[in-house]
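Reading the structure
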Amino acid sequence: MNQPITAYYPSNIALVKYWGKRDNQLPCNASLSMTLSNARTAVKLYRTEKQDRGIAFSYYFEGRQNEAFRQKVLRYLLGQKEFSDLLNNYAIRIESENSFPHSAGIASSASAFAAIAAAFLKASGTAEDHFTREASRLARLGSGSACRSFFGPFSLWGRLEEVAGSSDDFAIPVLQIHECFQNMRDTILIVEDRPKAVSSSRGHALMEDHPLAKARFQQADNHCKDLLFALKSGDFDAFISITEREALSLHAMMMTSGDYYLLVKPATIQIIEQVFRFRKETGLPICFSLDAGPNVHLLYPESIRDKVDSFIKNNIKSGLKFVVYDQAGTGGTVF
Ligand code: PMV
């Protein structure tokens, strides 16, 4: 087989959440995330020229052919005119692997679609100067949050009048970051490693006629603006309150939608209360975030890593299945 195109792209954790979409995967509000580093997807794209016009596409996930992923990814690829020459003229084989455990509270669709979009765009021969922006836009069409995985340590997606260059179509890097946010860690406390009961697609759809939608979208845009200012000025207290309010607001949306549901578990609440207590007692800059699931992301600067390790060891006793250690990263690479 000829030399593959290889793409490594990380996942990200939204500090301000994207929850609710319109038209073709456009967000109802702006979102701001921290890019991860260890949690990433590696995609290898092999292509061999073919004569007939039919599609020849195979998908291997962690060494085995995966029909469900093949169909999902092929549907996505067929929807993008940028990839049609490639699909029509080549037999394509994708090999994809994640560096992190399945259902570990890490958005695998974000790293996977970032890597897939980047690999296909590279294989299609797009001009280098627009590459990252175009890859971010195409990744967004696979999974909204994937568009933020191209930049780090922080990335903004969604048009905000006050932020030059911001767009609903693709993410942009957050450029002004105070020293105190330069070396952030994300330690993920896994309380549940089974797939969640309600998918994020369903959650997004439930925002369409959610009675609190308008206020929620406004809140998220305001949180993005406030968080951008906090990241720039080094205001850790503001970072903490925005990040935690966002996590709870996301879950409040689930609990108050037409078809209401709950993804947090008793252990999630217990850990959140321990974080509140630990912060109050020590004054240390640590906070939690939640993705659309019960696992708790602990966010803090590298400088307090030892103290956080002891906190986890000494205080989080029940309900914890395992711990995933990660830190802020700078995005991915494709070659
Ligand atoms: O990118 P999607 O469609 O899987 O949605 C992601 C939704 C959240 O992870 C809950 C929030 C976010 O902004 O990443």
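One structure accompanies this document, and this report is about it. Here the structure is a predicted model, which is why all the values come from computation and not from measurement. (Residues numbered from 1 in each chain as written. Predicted model: local features only at pLDDT ≥ 70, side-chain atom pairs only at ≥ 80, totals over all residues. Heavy atoms only, no water.)

1. Quick look at the overall build of the chain
When helices and strands are tallied, the chain shows nine helices and 14 strands. Relative to its length of 335 residues, the chain is compact, with a C-alpha radius of gyration of 20 Å against a globular reference of 20 Å. Its C-alpha atoms give the chain principal-axis dimensions of roughly 70 × 45 × 40 Å. In the chain, which comprises 335 residues, the proportion classed as buried is 54%. Looking at the chain alone, contacts between residues at least 24 apart form 75% of all its contacts between residues at least 6 apart. (Helix = DSSP H or I, 4+ residues; strand = E, 2+ residues; numbered from the N terminus. Rg over C-alpha atoms; globule rule 2.2 N^0.38 Å. Buried < 20%, exposed > 50% of the residue type's maximum accessible area, 1.4 Å probe, protein only. Contact = heavy atoms within 4.5 Å.)

2. Points about the packing of aromatic side chains
According to the stated counting rule, one finds 14 aromatic pairs in the structure shown. Between Tyr8 and Phe335 the ring centres are 6.3 Å apart and the planes differ by 40°, which places this aromatic pair in the tilted class. Note that Tyr8 is positioned in strand β1 (residues 5-16) and Phe335 in the segment after β14 (333-334), a separation of 327 residues in sequence. Taking relative accessible area as the criterion, Tyr8 reaches 28% and is therefore assigned partly exposed. On the accessibility criterion, Phe335 (53% relative accessible area) is exposed. Among the aromatic side chains, those forming a connected cluster through ring pairs are Phe57, Tyr59, Phe61 and Phe69. Taking the ring centre of Tyr90 as reference, the NZ or CZ of Arg47 above it sits at 6.0 Å. The ring of Tyr60 is capped by Arg93, whose NZ or CZ atom sits 4.0 Å from the centre of that ring. (Phe/Tyr/Trp six-rings, centres within 6.5 Å; stacked < 30°, edge-to-face > 60°. Lys NZ or Arg CZ within 6 Å of the ring centre and 35° of its normal.)

3. Here we look at the site of the ligand
In the vicinity of the ligand there are 13 residues, among which Tyr18, Ser145, Arg148, His204 and Asp291 approach most closely. At 2.9 Å from an oxygen atom of the ligand is found a main-chain nitrogen or oxygen belonging to Tyr18. Within the side chain of Asp291, one N or O atom sits 2.7 Å away from an oxygen atom of the ligand. For the ligand, the accessible surface in isolation is 380 Å², of which the surrounding protein chains cover 91%. Among the residues making up the shell around the ligand, the classes are represented as five nonpolar, five polar and three charged. (Near = heavy atom within 4 Å. Polar contact = N/O pair within 3.5 Å; in protein donor to acceptor, adjacent residues only side chain to side chain. Areas by Shrake-Rupley, 256 points an atom, 1.4 Å probe, with all protein chains shown as cover. Nonpolar A, V, L, I, M, F, W, Y, C, P; charged D, E, K, R; others polar.)

4. Some words on the pattern of salt bridges
Tallied over the full model, the rule gives 17 salt bridges. One salt bridge in this structure joins Arg137 and Glu134, with 2.9 Å as the shortest N-O distance. Taken together, the residues span about one helical turn, with Arg137 and Glu134 both in helix α4 (residues 131-142) at a distance of three residues. Among the ionic pairs, Asp259 bridges to Arg202, the shortest N-O distance being 2.6 Å. Taken as a pair, Asp259 in the loop between α7 (236-255) and α8 (266-282) and Arg202 in helix α5 (residues 200-206) lie far apart in primary sequence, 57 residues in all. Exposure remark for Asp259: the relative accessible area of 47% places this residue in the partly exposed category. Salt bridges linked by common partners bring Lys81, Glu82, Glu134 and Arg137 together as one network. (Salt bridge = Lys/Arg side-chain N within 4 Å of Asp/Glu carboxyl O.)

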